[in-house]
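In case you want the letters, here they are:
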Amino acid sequence: MTRALILGGTSDANLLADAAARAGLDAIYSYGGRTRAPAHQPLPTRIGGFGGANGLAEYICREGITHVVDATHPFAAEMSRNAVAACEATGTPLIALERAAWVKAAGDNWIEVAGITSAVAALPENRARVFLAIGRQHIAAFGTKLQHVYTLRFVDPPDGPLPFPDADVIVSRGPFTLAGELEMMRSRNIEWVVARNSGGTGARSKIDAARELGLPVVVLTRPELPDRPRAESVAEVMQWLGHRACLGA
């Protein structure tokens, strides 16, 4: 009997949960706990960390997990590394549902960097209006360049003071459209964009909008992760789990 653990928190993970529920698959959906109001899932759901790779391994054994799907964000490197270690320790099959990274296209003005420190350094010294589209976990480092006016977008309202005195905070959950991103950037006179190379279609509209407006984009490249089997679609993962993907309305 298959009993799957979906390490989720992304739109792809949500689609996988829906397909698993439609197929009648015995599966558990796990949120990392960073979002205060996570989207409802059609599967039994747990919220919170496991306590590192050892804690995840103990959970796999305790719950009788036979397969693990890492459908976390491409930048959730610690969780992905823990999943690899835990599955190796328990002999549990693992696959990553990982969207393809964005590729620079004609007209893109990208400055590709590896890490937050390099992203901060890539911003100009002169005052600029910056759309900081990297989530709330890594914004503190940009407090060293307070000459800029930052626009931030979060799923949840900030639960404490921000490192910027006059930040413009947008609370909204994607996916976002090209028209919406163009309106947002134009209305705020955005001059620079900082974004992670998340890949997929749900978050790409800000990259397309920056290209259309001729804006420079500081693009954080993905962290290096251990080798593991990977798939780019829900259908591939469902086939790996031994089920058809039921994606109809």
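Residues numbered from 1 in each chain as written. Predicted model: local features only at pLDDT ≥ 70, side-chain atom pairs only at ≥ 80, totals over all residues. Heavy atoms only, no water.

A.B. asks: Got a minute to help me understand the overall build of the protein in this structure?
C.D. replies: Looking only at helices and strands, the protein features seven helices and 12 strands. Its C-alpha atoms give the protein a radius of gyration of 19 Å, within 12% of the compact-globule value 18 Å for 249 residues. Taken along the three principal axes of its C-alpha coordinates, the protein extends 60 × 35 × 30 Å. Counting every position in the protein, which comprises 249 residues, the buried fraction comes to 44%. Put simply, 65% of the contacts in the protein that link residues at least 6 apart link residues at least 24 apart. Total accessible area on the protein stands at roughly 11,900 Å², and carbon and sulfur atoms take up 51% of it. Each charge class in the protein can be summarised by its mean position, and for the 25 positive and 25 negative side chains these summaries are 3 Å apart. (Helix = DSSP H or I, 4+ residues; strand = E, 2+ residues; numbered from the N terminus. Rg over C-alpha atoms; globule rule 2.2 N^0.38 Å. Buried < 20%, exposed > 50% of the residue type's maximum accessible area, 1.4 Å probe, protein only. Contact = heavy atoms within 4.5 Å. Areas by Shrake-Rupley, 256 points an atom, 1.4 Å probe, with all protein chains shown as cover. Lys, Arg positive; Asp, Glu negative; His and termini not counted. Charge placed at Lys NZ, Arg CZ, Asp CG, Glu CD.)

A.B. asks: Would you mind showing me how to read the pairing of strand β5 (residues 94-97) here?
C.D. replies: In the case of a regular strand, side chains alternate between the two sheet surfaces. Side-chain alternation along β5 places Leu-94 and Ala-96 on one buried face and Ile-95 and Leu-97 on a second face that is also buried. Taking the sense of rotation as the criterion, the β-α-β connection linking strand β4 (residues 67-70), helix α3 (residues 77-90) and β5 turns out right-handed. Note that β5 and strand β12 (residues 230-231) share two bridges and pair parallel. Note that in β12 the partner of Ala-96 across the bridge is Arg-230. (Right-handed = clockwise from strand over helix to strand, strands pointing away. Pairing = 2+ DSSP bridges.)

A.B. asks: What am I meant to see in empty space enclosed by the protein here?
C.D. replies: Over the atoms, a rolling probe the size of a water molecule traces out where space has been left empty. Across all of its chains, the model carries one cavity of 30 Å³ or more by this definition. Volume-wise, the largest cavity comes out at about 90 Å³. If you go around the largest cavity, you meet 13 residues; those closest to its centre are Thr-72, His-73, Pro-74, Leu-97 and Glu-98. Of the residues assigned to the lining of the largest cavity, the class counts are four nonpolar, four polar and five charged. (1 Å grid on protein atoms, 1.4 Å probe; cavity = no way out; pocket = protein on both sides within 12 Å on 5 of 7 lines; lining within 4 Å. Points joined across faces, edges and corners; volume = space filled by probe spheres on them. Nonpolar A, V, L, I, M, F, W, Y, C, P; charged D, E, K, R; others polar.)

A.B. asks: Explain the layout of surface pockets to me, please; I cannot follow it from the model alone.
C.D. replies: For the second largest pocket, the calculated volume is near 160 Å³. Lining the second largest pocket, in full, are Phe-75, Ala-114, Gly-115, Ile-116, His-138, Arg-196, Leu-220, Thr-221, Arg-222 and Pro-223. Looking at the lining of the second largest pocket residue by residue, the classes come out as five nonpolar, three polar and two charged.

All we've got here are geometric facts, nothing functional implied.
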